[in-house]
Amino acid sequence: MREIYFDNAATMMKYREAIEAEKNFYREVNANPLRGLYKKSVQATTGVNETRKAILELAKADKSYTVIFSRGTTEALNMVANGLVLGRDGFGVVSKSAKVVVDIESHHSNILPWKQRYKNVVMAKKLDAKELFAAEVICLTGVSNVTGQDFSKRIKIVRKTCPKAILGVDAAQMLGHTRIDIKRLGADFMAFSGHKFGAPMGIGGLIIKKKLAEKLRPLNFGGEMVDSVSVDGEPVFAEIPERLEAGTLSVGAIFGLFEAAKISKRNLYEFRCEDVIYGSVGDYVSELIRETADGLKKTKGVKVLAANGGIVTFQVKGVHPHDVAQILADEGIAVRAGWLCAEPFLRYKGWGPVVRASLSEFNTEVEVEKFLDIIEKIRVKMGVENV
Amino acid sequence: MYDEELLERGLHPRFRGEIPGVEPIKLLNASCGDEILVYLKVSDGKILDGKWNGNGCAISLASADFFIESVVGKSLDEAKMFTREFSKMILSEKYDEKKIGAAKAMKCVSRMPARAKCAKLALKSLDMI
């Protein structure tokens, strides 16, 4: 039985080209970038630099921005939260008492890095002037992993309201899926994960203004990030981006990321599925989500809570979301259920745990139909059809 | 998928409720959103009465009910012996079937490793007394 994969918001199905690029790096190159003078090391360095450019292009970032690689969004947000704290080491921008604002829609990875390091973290529900007053750092959800809602407009408004604050975007569900213009958003930094748009796991990073990156404290200290180390004296750190990327990067994954960035960029402006040409991959996925949501709405006992972008979130009356997910799993359909790493938001909405189906360009109408067929039978299967 | 008996127990639990005067033990399953309150009336190292209440998936609800059924009337040591054997069953390890009793209806969970935490949720209450 071929599994139907509707958990793309957790990790997207991978592009064949990205898998091949990672594999080929280890088969044919396998050298450490930056330091080696031999051909293969240069090849590795070139690949890393080309990928930085491809990521910058994906966010329409100009030369005032750079890319710092990390394991993914979580590490990237930790890097900023940790790096911004003013310290005696000369790094940092704001004090631990600075007001930090994140939105209620935030994924746990945009809550905990701040809450663990700052004393005054506000989880804003409205992002109005009162909540934003005196905020020094604001980090907002780009696209919700619960509702699929795109918050680009809201980010631009916040930028206008707070022209001086450091403004960041958690773009885990955004980069590669929507057309982004980081400068028009007004973002100083943007965190992303490659595996959310078809690249290998273990690679992501920060798209960040160079001037801000220069002030960040490195999350890790070690090789590649330093120019000189002496027995007695202070180390001389390397320039950015290397200063913030201690240790050997996941270069195979970076080569995969390059391919995914290239394909994603192309798909944002034209996507072909069989004979149909869509204006963007988002149009195709949104059409599938509409069909899924319409079908769910027609099913007795099913409540659709949100349907946007590539995500539809719902509940089945009388059946716990994990039981819904289990029944679907037994039928070969992968969805996600529970708090979706966004417990504050789900509690705020009064929804509690939910089921999320998240689709991508790899999914089809036939898969949606099979999914809906099974959903229709769930309440009978669980013995709650009369609830 | 689930054992019929598990489903039935989740839908129609026998030990759902509260025990007045007994402070409940709150158990949370963060990823699923399960919240179970376990009431255990313990005296001289013996569990005299037990109830549970809360919300969760079919597995965590049925498991809570089988747990209460299995430990009431037992000493704390005997109850812990039950939870040890039950956990082994859930984790597909070798276990003593005689000590499991009616809770054997939960055996189907052993082929769902991601659900082990649901099946073991109410059991954790014994470590929190």
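Nothing here was measured: the structure is a model prediction, and the numbers come from that model.

Another point: the overall build of chain B. If you tally the helices and strands in chain B, you get four helices and three strands. Counting from the amino terminus, helix and strand elements in chain B follow one another as α-β-β-β-α-α-α. Dimensions of chain B, computed from the C-alpha atoms along their principal axes, are close to 40 × 30 × 25 Å. Counting all 129 residues of chain B, 40% fall into the buried class. Expressed as a percentage of contacts within chain B between residues at least 6 apart in sequence, the contacts between residues at least 24 apart total 61%.

All names here are of chain A. As assigned here, chain A comprises domain 1 (16-267) and domain 2 (271-381). Its C-alpha centre places domain 1 at a distance of 30 Å from the equivalent point of domain 2. Domain 1 puts 18 residues into the contact, and the matching count from domain 2 is 18 residues.

Quick look at the sheet that holds strand 16 (residues 336-338) of chain A now. Across a sheet, paired strands are connected by hydrogen bonds in the backbone, their directions being either parallel or antiparallel. All names here are of chain A. One open sheet accounts for four strands, arranged 13-14-17-16; its pairing is antiparallel. In this open sheet, the two edge strands, each paired with only one partner strand, are strand 13 (302-308) and strand 16. Strand-to-strand twist in this sheet, taken as the mean axis angle between neighbours without regard to direction, amounts to 20°. Bridge analysis of strand 13 against strand 14 (residues 311-316) gives six bridges, and the strand direction is antiparallel. Following the sheet pairing, Val 304 is matched in strand 14 by Phe 314.

Bringing the packing of helix 1 (residues 16-29) of chain A against helix 9 (residues 251-267) of chain A into the picture now. All names here are of chain A. Between helix 1 and helix 9, the least distance of the axes is 7 Å, while the angle of their chain directions is 150°. When the axes of helix 1 and helix 9 are compared, the pair comes out roughly antiparallel. As helix 1 packs across helix 9, the resulting crossing turns out to be right-handed. Together, Glu 17, Ala 18, Ile 19, Ala 21, Glu 22, Phe 25 and Tyr 26 of helix 1 and Val 251, Gly 252, Ala 253, Phe 255, Gly 256, Phe 258, Glu 259, Ala 260 and Ile 263 of helix 9 make up the contact between the two elements.

Residue and element names in this part refer to chain A. Taking strand neighbours across the sheet as the criterion, the seven strands line up as 2-8-7-6-5-3-4 in an open arrangement whose pairing is mixed. Strands with a single pairing partner mark the edges of an open sheet, and in this sheet they are strand 2 (65-70) and strand 4 (120-124). Averaged over neighbouring strand pairs, the angle between their axes works out to 20° when direction is ignored. Where strand 3 (residues 99-103) and strand 4 come together, five bridges link them in parallel fashion. Bridge pairing links Val 101 to Val 122 in strand 4. Lying over the sheet, helix 2 (residues 39-58) contacts strand 2 and strand 8 (204-209), oriented at roughly 115° with respect to strand 2.

Now for the interface of chain B and chain A. With twelve residues of chain B at the contact, the number on the chain A side is twelve residues. Of the residues in the side of chain B that touches chain A, the class split is nine nonpolar, three polar and no charged.

What counts as what
- Residues numbered from 1 in each chain as written.
- Chains lettered and ligands numbered in written order.
- Predicted model: local features only at pLDDT ≥ 70, side-chain atom pairs only at ≥ 80, totals over all residues.
- Helix = DSSP H or I, 4+ residues; strand = E, 2+ residues; numbered from the N terminus.
- Buried ≥ 20, exposed ≤ 12 C-beta atoms within 10 Å, placed from the backbone.
- Contact = placed C-beta atoms within 7 Å.
- Domains from an automatic or database assignment.
- Pairing = 2+ DSSP bridges.
- Axes fitted to C-alpha atoms, helices over the stretch in contact; angles between N-to-C directions.
- Parallel < 35°, antiparallel > 145°, perpendicular 65-115°, else oblique.
- Left-handed = near helix turned anticlockwise from the far one by under 90°.
- Nonpolar A, V, L, I, M, F, W, Y, C, P; charged D, E, K, R; others polar.

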